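Residue-level structural notes
Chain residues, written in single-letter form:
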Amino acid sequence: MRALVYTVLVIELLFAFFYGRYIRVKEAKVKKLNNDFREYYEVVSRWIILKNSGRKPEEYFRFHGIKRIAIYGAGPLGEMLYQELFGGEIQILYVVDQTRKEFENVKGAKVIHPSLIPNQETPDAIVITPMVFKTAILDVLCNLNLPNSVSFLMLDEIVNFFMSHEVQNEII
């Protein structure tokens with residue numbers, strides 16, 4: 001009888017340990033997902049504020065002397081940036097994406113796999129739109145041995161650039 005009680009206790013302790021660990025892992029994943037969504041929400045919110053005030057991302061590129069870009073990411077933010085810049089002063093050479101072959105809502109965009117970047121025209125900058133994967137994307141881009149003249153820009157850097165009080169008056 002005692003052995004049965006000890007066995008049940010050991011099983012309960014093991015269950016509590018592994019279930020507690022499972023819960024902590026789930027909570028950590030949910031927290032990361034919330035942070036990722038918050039980051040996207042904040043960028044889109046700031047972008048809308050800028051757009052409503054008549055500001056455009058192409059001002060950032062003009063200010064920094066960037067004329068030709070590639071957009072990394074064919075998701076919603078990449079599509080928004082493409083639509084915002086298409087037909088303007090900034091030439092979009094191509095869009096880079098590991099999984100999608102073309103934009104869902106934008107026709108005519110040349111979408112390539114990251115491994116093909118070295119075989120394409122060299123942009124002045126590659127704008128990374130999936131901010132949650134920036135570390136992995138930067139690793140991929142750095143391993144392509146692109147010329148040092150190519151800048152890697154995060155979309156949130158571009159949007160945040162306009163939030164600086166110094167810049168707001170300078171660019172216009």
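1. Section: the overall build of the protein
Helices and strands together make up the secondary structure of the protein, namely six helices and five strands. When the 172 residues of the protein are sorted by exposure, 37% land in the buried category. Look at the contacts in the protein between residues 6 or more apart in sequence, and 69% of them connect residues 24 or more apart.

2. Quick word on empty space enclosed by the protein
To find leftover empty space, a probe the size of one water molecule is rolled over the atoms. Summed over the entire model, instances satisfying the criterion amount to one cavity of 30 Å³ or more. Approximately 40 Å³ is the volume found for the largest cavity. Together, Trp47, Leu50, Lys51, Arg55, Lys56, Pro57, Ile158, Val159 and Phe162 line the largest cavity. Residue assignment for the lining of the largest cavity shows that the elements contributing at least two residues are helix H1 (2–52) and helix H5 (155–161). Considering every element that reaches the lining of the largest cavity, the biggest residue donor is H1, with three residues. Each residue belonging to the lining of the largest cavity can be placed in one class, and the counts come to six nonpolar, no polar and three charged.

3. A word on the nonpolar core
Core analysis: the largest hydrophobic core is formed by 42 residues, its most contacted members being Phe61, Ile69, Ile117, Ile126, Leu141 and Leu153. A total of five residues in this core trace back to one element, the largest contributor, which is strand S2 (residues 91–96). Residues contacting Ile126, with those up to four places away along its chain left out, are Ala70, Tyr72, Ile117, Leu141, Leu146, Val150, Ser151, Phe152 and Leu153.

4. Some words on the layout of surface pockets
The space that makes up the largest pocket amounts to roughly 330 Å³. As for the largest pocket, its lining consists of 18 residues, and the residues nearest its centre are Gly73, Asp97, Pro130, Phe133 and Ile137. When residues of the lining of the largest pocket are traced back to their parent elements, those giving at least two are helix H3 (76–85) and helix H4 (134–142). Across the lining of the largest pocket, the residue classes tally to ten nonpolar, six polar and two charged.

5. A short note on the pattern of salt bridges
Scanning the model with the defined rule gives seven salt bridges in all. Notably, a salt bridge pairs Lys51 with Glu84, separated by 3.1 Å at the nearest N-O pair. Residue Lys51 is found in helix H1, and its partner Glu84 is found in helix H3; the two are separated by 33 residues along the sequence. Overall, the relative accessible area of 47% leaves Lys51 in the partly exposed class. Here Glu58 ties to Arg62 by a salt bridge, and the two come within 3.4 Å at their closest N and O atoms. Taken together, the residues span about one helical turn, with Glu58 and Arg62 both in helix H2 (residues 57–63) at a distance of four residues.

Conventions used here
Residues numbered from 1 in each chain as written. Predicted model: local features only at pLDDT ≥ 70, side-chain atom pairs only at ≥ 80, totals over all residues. Heavy atoms only, no water. Helix = DSSP H or I, 4+ residues; strand = E, 2+ residues; numbered from the N terminus. Buried < 20%, exposed > 50% of the residue type's maximum accessible area, 1.4 Å probe, protein only. Contact = heavy atoms within 4.5 Å. 1 Å grid on protein atoms, 1.4 Å probe; cavity = no way out; pocket = protein on both sides within 12 Å on 5 of 7 lines; lining within 4 Å. Points joined across faces, edges and corners; volume = space filled by probe spheres on them. Nonpolar A, V, L, I, M, F, W, Y, C, P; charged D, E, K, R; others polar. Core = buried A, V, L, I, M, F, W, Y, C linked by side-chain atoms within 4.5 Å. Salt bridge = Lys/Arg side-chain N within 4 Å of Asp/Glu carboxyl O.

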